[in-house]
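Overview (structure and organization)
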Amino acid sequence: MHALNLQPKTLTLADRLADLAVDALIDEADLSPKPALVDRRGNGAHTDLHLGLMHASALSLWPAFKEMAEAAIEFGEVGLPLREALGRIGREGEQAMLATTSGVNTHRGAIWALGLLVAAAALENTNASAVTLYAARLALLDDRFAPRPLSHGAQVAQRYGARGAREEAQLGFPSVLHRALPQLHRSRALGHGEQNARLDALLAIMTQLADTCVLYRAGEQGLQTMQRGAQAVLDAGGSASLGGRRRLHELDEQLIALNASPGGAADLLAACLFIDRIESGAF
Ligand SMILES: CC(C)(COP(=O)(O)OP(=O)(O)OC[C@H]1O[C@@H](n2cnc3c(N)ncnc32)[C@H](O)[C@@H]1O)[C@@H](O)C(=O)NCCC(=O)NCCS
Ligand SMILES: Nc1ncnc2c1ncn2[C@@H]1O[C@H](COP(=O)(O)OP(=O)(O)OP(=O)(O)O)[C@@H](O)[C@H]1O
């Protein structure tokens, strides 16, 4: 008899969805060179984040993602009971994240976006449109137990009228469905290579997003620099071209100088990678 049981464990749907969500977060963190974000090269515009912390944070969220998928399977439909269960699990996940990072916000926006998508995929795991539609229906329900802190996002909403992460989800993740995924597929079809295709998908999100991380840290000037700079990279041929790479490095320097980190766009890239893998049937 073996001391170790080497039989592969059969993974449940909830296990596999949690694996996918964590993989998407780790792939997003590792992707380089991302403008002003934490990546393999360094900390971008952040003083309190680094790659090891992003990895540890992603792994700490696995139980929360699994529990969200299990709740979706148990309730079996979109409704207030599931929405409020997800809110409770999301808040517990955030506590696990903060305990792992000693209080640093590494993935608050990502818990929101991927949490909804994991639950939606557990209910209806067929294609991108169905999953984002179910996630939007969940996001539109009001969790009566959610605290209403004066978060950075709430402050930016008051000042600039940007509704940020909540609205993006309630609209069915248009940045993912209509920008990131089509760009990912286009760049892959052009043979640009997987890392460049992912960078191009991130840039496609950045061209339009009202990223509340950027607005909070660098105001409208920061947001305009992000959106125009990302468009300039794509117009120059994208991350796989010499011209595009030059523009990408310029954008990185400009955003770091403005302290403008596009954390919301990064979360949505992770959401795009998650949906891409669901659609590919590779899970
Ligand atoms: C919904 C959230 C993200 C609201 O955030 P708020 O607008 O108050 O801003 P906050 O500064 O807390 O965080 C915003 C984060 O979202 C991301 N983000 C920023 N801009 C955008 C955008 N336009 N689109 C998507 N994500 C964005 C960034 O990572 C940013 O750090 C979240 O904090 C929250 O209230 N979650 C509820 C918990 C819950 O119910 N979870 C269960 C469902 S999974
Ligand atoms: N690779 C990444 N690098 C940096 N931020 C990322 C990355 N991936 C995702 N993010 C998102 O960016 C957000 C972190 O941004 P930020 O540091 O501005 O948070 P904050 O707590 O609002 O601000 P501050 O650090 O100024 O107090 C997280 O919610 C996270 O989901």
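Data block above holds the structure.
Description of the structure in this document. Note that the structure is predicted; figures quoted are calculated from it, not measured.

Some words on the overall build of the protein
If you tally the helices and strands in the protein, you get 13 helices and 0 strands. Secondary structure elements of the protein occur, N-terminal to C-terminal, as α-α-α-α-α-α-α-α-α-α-α-α-α. Taken over the C-alpha trace, the protein has a radius of gyration of 18 Å; the compact-globule value for 283 residues is 19 Å, and the two agree within 12%. Looking at the 283 residues of the protein, the share that counts as buried comes to 51%. Once local pairs closer than 6 in sequence are excluded, the contacts in the protein between residues at least 24 apart make up 71%. As displayed, the protein offers around 13000 Å² of accessible surface, 52% of which is attributable to carbon and sulfur atoms. In the protein, 26 side chains carry a positive charge and 31 a negative one; their mean positions are 2 Å apart.

What about the packing of helix α1 (residues 13-30) against helix α2 (residues 51-60)?
With their axes 9 Å apart at the nearest point, α1 and α2 run at an angle of 170° to one another. As the angle between them shows, α1 and α2 are arranged roughly antiparallel. Note on element contacts: α2 touches α1 through L51, M54, H55, A58 and L59, opposite V22, L25, I26, A29 and D30. Class assignment of the residues belonging to the contact of α1 with α2 gives a composition of 8 nonpolar, 1 polar and 1 charged.

A look at the state of the cysteines
If you walk through the whole model with that rule in mind, you get 0 disulfides. Free of any disulfide, C213 has its nearest neighbouring cysteine sulfur in C272, separated by 18 Å. For C213, a relative accessible area of 32% gives the class partly exposed.

Description of the nonpolar core
Counting 85 residues, the largest nonpolar core has F65, M206 and F274 as its most contacted members. Top element by residues in this core is helix α5 (residues 108-123). It accounts for 12 residues. In this structure, F65 is in contact with A18, A21, V22, L25, I111, L114, G115 and V118, ignoring residues within four places of it in sequence. By size, the runner-up hydrophobic cluster in this structure holds 6 residues, among which are A29, V38, L53 and V104.

Side note on unusual backbone geometry
Backbone torsion omega between S32 and P33 reads -5°, so that peptide bond is classified as cis. Secondary-structure assignment places P33 in the loop between α1 and α2. Its identity as a non-glycine residue notwithstanding, F173 has a phi of 55°, on the positive side. Looking at where F173 falls in the secondary structure, it is placed in the loop between α8 (164-170) and α9 (174-189).

Some words on the packing of helix α10 (residues 194-206) against helix α12 (residues 242-257)
In contact at an axis separation of 13 Å, α10 and α12 are set at 55° when each is read in the N-to-C sense. The orientation of α10 relative to α12 falls into the category oblique. The handedness of the crossing between α10 and α12 is left-handed. Judged by residue contacts, N196, L199, L203 and M206 of α10 engage R245, L248, L251 and L255 from α12. In terms of residue class, the contact of α10 with α12 is made up of 6 nonpolar, 1 polar and 1 charged.

Some points on helix α3 (residues 62-75)
Over its 14 residues, α3 extends 20 Å from the first C-alpha to the last, a length consistent with the 20 Å expected when each residue adds 1.5 Å. The complete set of buried residues in α3 reads A64, F65, K66, M68, A69, A71 and A72. Of the surrounding secondary structure, the elements contacted by the buried residues of α3 are α1, α4 (80-101) and α5. Following α3 by one or two positions, G76 has its phi on the positive side, about 75°.

Some remarks on the side chain of S60
Note that S60 resides in helix α2. From its side chain, S60 meets the backbone oxygen of S57 in a polar contact 2.7 Å long.

Here is what the cut-offs are and how they apply
Residues numbered from 1 in each chain as written. Chains lettered and ligands numbered in written order. Predicted model: local features only at pLDDT ≥ 70, side-chain atom pairs only at ≥ 80, totals over all residues. Heavy atoms only, no water. Helix = DSSP H or I, 4+ residues; strand = E, 2+ residues; numbered from the N terminus. Rg over C-alpha atoms; globule rule 2.2 N^0.38 Å. Buried < 20%, exposed > 50% of the residue type's maximum accessible area, 1.4 Å probe, protein only. Contact = heavy atoms within 4.5 Å. Areas by Shrake-Rupley, 256 points an atom, 1.4 Å probe, with all protein chains shown as cover. Lys, Arg positive; Asp, Glu negative; His and termini not counted. Charge placed at Lys NZ, Arg CZ, Asp CG, Glu CD. Axes fitted to C-alpha atoms, helices over the stretch in contact; angles between N-to-C directions. Parallel < 35°, antiparallel > 145°, perpendicular 65-115°, else oblique. Nonpolar A, V, L, I, M, F, W, Y, C, P; charged D, E, K, R; others polar. Disulfide = S-S within 2.5 Å. Core = buried A, V, L, I, M, F, W, Y, C linked by side-chain atoms within 4.5 Å. Left-handed = near helix turned anticlockwise from the far one by under 90°. Expected span 1.5 Å × (residues − 1). Polar contact = N/O pair within 3.5 Å; in protein donor to acceptor, adjacent residues only side chain to side chain.

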